[in-house]
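Structure assessment
Take a look at the letters that make up each chain.
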Amino acid sequence: MALLLYTRPAGDDPRELPVERIVEALRTSEPPIEDVVRQGLASRRHRLDDGSEISTLVRWLTEYQEPLTHMAGGTELASMDQWPGGTLMGASAKWAADSLAYHHLGAAADG
């Protein structure tokens with residue numbers, strides 16, 4: 001979420017963005033969040049191939065991870081603990097959007 005907020009267009013102060021817009025940005029799938037972050041970092045003159053800490057972090061977060069269905073010893077994970085595959089950034093964005101929507105927007109809607 002921090003990388004997404006950092007790469008927002010100039011003039012969008014992340015401290016002033018309503019939670020609804022943050023959740024919407026995290027849930028938008030076109031273009032994928034990985035592409036949005038890469039493009040935003042490039043527009044801020046970050047090189048993603050220079051071996052810097054941020055380029056290493058972005059590469060790690062945007063690298064496809066195979067599905068995970070078993071523990072290292074071969075024991076099958078419970079279905080709720082299995083990883084369907086994808087990127088860590090995509091999974092993190094989904095988790096953050098769901099958490100914000102449930103805890104912030106859900107509470108605001110109830111009360």
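**Notes on the overall build of the protein**
Within the protein one finds five helices and zero strands. What you see in the protein, going N to C, is helices and strands ordered as α-α-α-α-α. Counting all 111 residues of the protein, 25% fall into the buried class. As displayed, the protein offers around 7800 Å² of accessible surface, 55% of which is attributable to carbon and sulfur atoms. One way to put it: in the protein the 10 positive side-chain charges average out to a point 8 Å from where the 17 negative ones average out.

**Structural notes on helix 2 (residues 19-27)**
Taken residue by residue, helix 2 has Val19, Ile22, Val23, Ala25 and Leu26 as its buried positions. Projected down its long axis, helix 2 shows its buried positions confined to an angular sector of 160°, all on one face.

**So, unusual backbone geometry**
Phi is positive for Arg45, which is not a glycine, with a value near 70°. Assessed through its relative accessible area of 77%, Arg45 is described here as exposed.

**Some thoughts on the packing of aromatic side chains**
Tallied over the entire structure, the rule returns zero aromatic pairs. A cation sits over an aromatic face here: Arg44 above Tyr6, 4.5 Å from the ring centre.

**Here we look at the environment of Glu24**
Positionally, Glu24 belongs in helix 2. In this structure Glu24 comes out as exposed when scored by relative accessible area, which is 56%. The sequence separation of Glu24 and Ala97 amounts to 73 residues, and the corresponding C-alpha distance is 7.8 Å.

**Side note on the side chain of Glu34**
Tracing the backbone shows Glu34 in helix 3 (residues 33-43). Buried within the structure, Glu34 lacks any salt-bridge partner; its nearest side chain of opposite charge belongs to Arg38, at an N-O separation of 6.2 Å. Here Thr87 takes part through its side chain, which lies 2.3 Å from a polar atom of the side chain of Glu34. With residues up to four places along the chain from it excluded, the contact list for Glu34 reads Thr62, Thr87, Met89 and Gly90.

**Considerations on the nonpolar core**
In this structure, Leu3, Leu26, Ile33, Val37 and Met89 are the most contacted members of the largest nonpolar core, which totals 19 residues. Other than its neighbours up to four places away in sequence, Ile33 contacts Leu4, Leu26, Met89, Gly90 and Ala93.

**Some remarks on the environment of Glu76**
Relative to the helices and strands, Glu76 is located in the loop between helix 4 (53-62) and helix 5 (88-110). Separated by 62 residues in sequence, Glu76 and Pro14 have C-alpha atoms that sit 42 Å apart. Excluding anything up to four places from it in sequence, Glu76 contacts Thr69, His70 and Gln82. Within polar-contact distance, the side chain of Glu76 engages the side chain of Gln82 at 3.5 Å.

**Brief notes about the pattern of salt bridges**
Scanning the entire structure with this criterion turns up four salt bridges. One salt bridge in this structure joins Asp49 and Arg47, with 3.0 Å as the shortest N-O distance. Since its relative accessible area comes to 57%, Asp49 is described here as exposed. Three or more residues are tied together by salt bridges with common partners; here these are Arg27, Lys94 and Asp98.

Rules and cut-offs
- Residues numbered from 1 in each chain as written.
- Predicted model: local features only at pLDDT ≥ 70, side-chain atom pairs only at ≥ 80, totals over all residues.
- Heavy atoms only, no water.
- Helix = DSSP H or I, 4+ residues; strand = E, 2+ residues; numbered from the N terminus.
- Buried < 20%, exposed > 50% of the residue type's maximum accessible area, 1.4 Å probe, protein only.
- Areas by Shrake-Rupley, 256 points an atom, 1.4 Å probe, with all protein chains shown as cover.
- Lys, Arg positive; Asp, Glu negative; His and termini not counted.
- Charge placed at Lys NZ, Arg CZ, Asp CG, Glu CD.
- Arc of directions from axis to C-beta.
- Phe/Tyr/Trp six-rings, centres within 6.5 Å; stacked < 30°, edge-to-face > 60°.
- Lys NZ or Arg CZ within 6 Å of the ring centre and 35° of its normal.
- Salt bridge = Lys/Arg side-chain N within 4 Å of Asp/Glu carboxyl O.
- Polar contact = N/O pair within 3.5 Å; in protein donor to acceptor, adjacent residues only side chain to side chain.
- Contact = heavy atoms within 4.5 Å.
- Core = buried A, V, L, I, M, F, W, Y, C linked by side-chain atoms within 4.5 Å.

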